[in-house]
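# Notes for the structure review
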Amino acid sequence: MDKKKRIALSITAHVDAGKTTLAEAMLFEAGQLKKRGRVDHRDSVLDYEDFERNRGITAFSKQAVFSYGSTEFSLIDTPGHADLFAETRRGLRVPDAAILVISGSEGIQADTGVIWELLRTREIPTWIFVSKMDLAGDGREALFSELKERLSDAVVDFLAPDETIFEEAAELDEACLDAYLEHGAIPDDVLAGAITVGRVFPCFFGSGLQLTGVKEFLEGLDRWTLIHSWPERFSALCYKISRDARGQRLTQVKITGGSLSVRDPLQYRTADGVLREEKVTGIRIYSGARYETVERAEAGQVCSLLGLTGTAAGCVLGEENEVQQESAESVRRYSLRFEIRQDPVTLLEQLRQLSEELPELSPRAGRDGISVCLSGRMQGEMLKALLLERFGLRASPEEGQLIYKETVTKKVEGVGHFEPLRHYAEVHLVLEPLPPGSGIVLESGCPEDTLNRNWQNLILDALCHETLPGVLAGAELTDTRICLVSGRAHPKHTEGGDFREAARRALRHGLMQAECRLLEPVYHFEVKLPSEQLGRAIGDFRAMHAQLDSPRQEERFSTLSGEVFVSEFGDYPETLLSYTHGFGKVTVHPAGYRPCHNEAEVLEQIGYLAERDTEWPADSVFCAHGGGYVVPWREVTQYMHLPSFLEERSRRAQSEAALHRLQRIDDRELEAIMLKEFGPIRRPSVGSALNEEKSREGKRKAPEQQAEGKTTVILDGYNFIFAEPELKALASDHLGAARERLMDRLSNYSGFTGREVILVFDGFRTAGNPGSRSAHANIRVAFTPEGESADAYIERLASEIGKNDRVSVVTGDTMIRISAMRSGVLRISPNEFRLELEEAEKHLQEILMKSNFLAHQTSGAEAGTVKQEKKEKTKP
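Please read these numbers as outputs of a predicted model, since none were measured by experiment.

Conventions adopted
Residues numbered from 1 in each chain as written. Predicted model: local features only at pLDDT ≥ 70, side-chain atom pairs only at ≥ 80, totals over all residues. Heavy atoms only, no water. Axes fitted to C-alpha atoms, helices over the stretch in contact; angles between N-to-C directions. Helix = DSSP H or I, 4+ residues; strand = E, 2+ residues; numbered from the N terminus. Parallel < 35°, antiparallel > 145°, perpendicular 65-115°, else oblique. Left-handed = near helix turned anticlockwise from the far one by under 90°. Contact = heavy atoms within 4.5 Å. Salt bridge = Lys/Arg side-chain N within 4 Å of Asp/Glu carboxyl O. Buried < 20%, exposed > 50% of the residue type's maximum accessible area, 1.4 Å probe, protein only. Pairing = 2+ DSSP bridges.

### Here we look at the packing of helix H10 (residues 344-357) against helix H11 (residues 377-391)
Closest axis-to-axis distance for the H10/H11 pair is 11 Å, and the angle between their directions is 120°. On the basis of the axis angle, H10 is oblique to H11. Crossing hand, H10 versus H11: right-handed. Seen from H10, the contacting residues are Gln 350, Leu 351, Gln 353, Leu 354 and Glu 357; seen from H11, they are Leu 383, Leu 386, Leu 387, Arg 390 and Phe 391.

Given below as structure tokens:
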């Protein structure tokens, strides 16, 4: 395999931080550009789309390839505008490292914190470049302190002398410390390793516009990045779908293993979960708008593939993994209004083509026409530009509607039955709530002997590839686990569509019982404003039912952050600008969903009636007298052909608990049996250290454990001796010594664990043997008389004790294990008990060693005291 050092770099920043200017400077410094472009001159290499140049922003992730030193870099430029953050997330799927650009004139912004959290969540090694140092600002030292305070203590100034870098890195990474202590310096590969695992974040200062610090930055990237070891087998991760100027579909990927040649067949799963195989008809390496066509791409390269028709952002090529879809960031859905009436079918198809590139659009046809999800005004402007450029359509989004969601609040079982004439399917689902942000989790807990695996997959697929509506407002269901627990098919009449119908009805039936809750979106906000107006901002956000963090107050400006309901936030940015006279600034990012603060009011406005939703019925269909009939959801459980899963489980648990209570005998009854069989037993003291340790152990036990009472172990002596290597070897020389050794070990075991031990030896074939019952220290020992085997004795004793989960029989004898099973006591093999015995001996030895150590220290201290007293007495 090609061992060339290749690094994929994503460059990201808050808006107007100088990111694209730095990218142009890097390409120029590396010799890739003869002339640098500028955003304000509308001639930058990476922002070449008309929409980007007209607005002076990066709207789409773009790639550029350059070499510096011994490294080939694939640079992926991502958008900085908050409305386009979904595109930034896609561009951060594939990098080996990321460059975070921060404006030296503005410092860390709210958007910077959001990007930093994403980089840490994805564990992407991060290099920081503080740009615009040629403009007025807080100065390098103040900026560096802010980086360490608000981002991480592991930020290290890599423009400092090597000695300073080594000292700081040694404090952050153990491998760096070892190398520094041994050699007085840190080798490049060791420091690169610390950067790769996220223990060190290199920081550089400069200006992309003035080309200051750029050369040093490139030298650092070349010097302190590692060669990856890629697997031999081909795989690639798709991070983006796009189209070229001629409308050809491009699958933009990073090769993560092996290599790929033109005409190679590829397997992958579509967004619908369908396994597909297609051939690659072309491979392109892009640099801005230009590209190079190649016949082969190697691991580590970022390239664009032609010929693939069903790929999606997040799909893995060369493997059968499911598509790793990003969660949508949009909180509002907008209806589209067109200047000229359009055919809705054609229009929806065109929007779906755009949504391959921008999945967050999620186009949908409804009673009010075509609607899409948008993250903000900028994305709305971009959509208008794309519709005009691609399809010649003039459109504008109308006022957006808030996107609500629903979840369940308790665990319920939903049942669905679909049995019109010559059809049959029944499905039982268990729904239960999950933590916020979990989404929908689909799984099966149904045994295959109850329902064939193919039918189970069909049910899960039917639910997986649809937006599941709730029953309060018809809003999307989220934060819910849906588990298939039971189902039934008919050997002749069941078809695939039957299970789809039954599954949908089971889901709705469960939701109708589940006490659902309406959720509404929230923003995480950060406001920076003059300190004297902080009180006004706090009052405003409290009136919006916001959750506020502690304000950060500085000399002239203060920062307030927290979470606020999107419905309450409204046009607050304009209000802020007004009362701060243009000095206030607020940034917001979607922060998930929380319970709706005015649920009754919202539901009344929406006016959704779940029982009238004919597309998602909760009622079931049964068959009688040659025809189907509908059973309302409130009555459906009594008509089901399969028993209720939750009711059956609850019934079994109650029965087992009742049986358990009936079958237990208390400690007094058990002690009476022991007294009858062995007589009273004297339990000698085991020693103060052991008793103190057991006392402490007892205090740590939960009350329910302490209430369990004694545990009795009945052990087949000779069976255990010949199953335990040490005792077996001893018995080969002297059987009596092996018996004594076993009794001593069991005595220690009983003293340490507090368990009663009954040791039984077989005297079946010993002529004239009357048998005996005796005590050895704190355990009971039984020798069976002539004519009675140990297994018969143990069986009789176990039967007399009765079913009790605190009595265990240790034996490898099949007959004894069967009789123990019949008596209901626990069975333990000699090997299992040997491990338990050795573990107890190990802990006992540790306690005794600790006791001896403490005793030695105490005696030493006492001796020292005596010597000191003698010295005092001898003084004149």
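### Points about the pattern of salt bridges
Scanning the entire structure with this criterion turns up 42 salt bridges. Salt-bridge contacts for Glu 724 lead to Arg 745; the nearest nitrogen and oxygen are separated by 3.4 Å. Highlighted residues: Glu 724 in the loop between helix H22 (717-721) and helix H23 (725-733) and Arg 745 in helix H24 (residues 735-753), separated in sequence by 21 residues. The exposure classification of Glu 724 matches that of Arg 745, with both residues buried. In this structure, a network of salt bridges that share partners links the residues Arg 243, Arg 249, Glu 356, Glu 357 and Arg 390.

### Section: the sheet that holds strand E7 (residues 201-205)
If you walk across this open sheet you meet the seven strands as E2-E3-E1-E4-E5-E7-E6, and the pairing is mixed. Each edge of the open sheet carries a strand with a single partner, namely strand E2 (62-68) and strand E6 (155-157). With direction set aside, neighbouring strand axes in the sheet form an average angle of 25°. Sheet topology note: the strand E5 (residues 126-131)/E7 ladder contains three bridges and is parallel. What sits directly across from Phe 129, in E7, is Phe 204. Sitting on the sheet, helix H5 (residues 140-150) touches strand E4 (97-103), E5, E6 and E7, and the angle it makes with E6 is about 155°.

### A closer look at the environment of Ala 624
Tracing the backbone shows Ala 624 in strand E34 (residues 620-624). The exposure class of Ala 624 is partly exposed, given its relative accessible area of 32%. Once the C-alpha coordinates of Ala 624 and Pro 420 are considered, the two residues, 204 residues apart in sequence, prove to be 9.0 Å apart.

### Focus: the pairing of strand E40 (residues 807-810)
Regular strands place their side chains on alternate faces of the sheet. Of the two faces of E40, both are covered, the one formed by Val 807 and Val 809 as well as the one formed by Ser 808 and Val 810. Of the pairings in the sheet, the one linking strand E36 (residues 712-716) to E40 comprises four bridges and is parallel in character. Across the sheet, Thr 712 pairs through a bridge with Val 807, a residue of E40. Note: E40 against strand E41 (residues 826-828), three bridges, orientation parallel. Along E41, the bridge assignment pairs Ser 808 with Leu 826.

### Remarks on the pairing of strand E14 (residues 290-294)
In terms of strand pairing, strand E13 (residues 282-287) meets E14 through five bridges, oriented antiparallel. Residue Tyr 286 lies in a different strand from E14, and its bridge partner there is Tyr 291. Counting the residues that bridge the hairpin from E13 to E14 gives two residues, and of these Gly 288 lies at a positive phi of roughly 70°.

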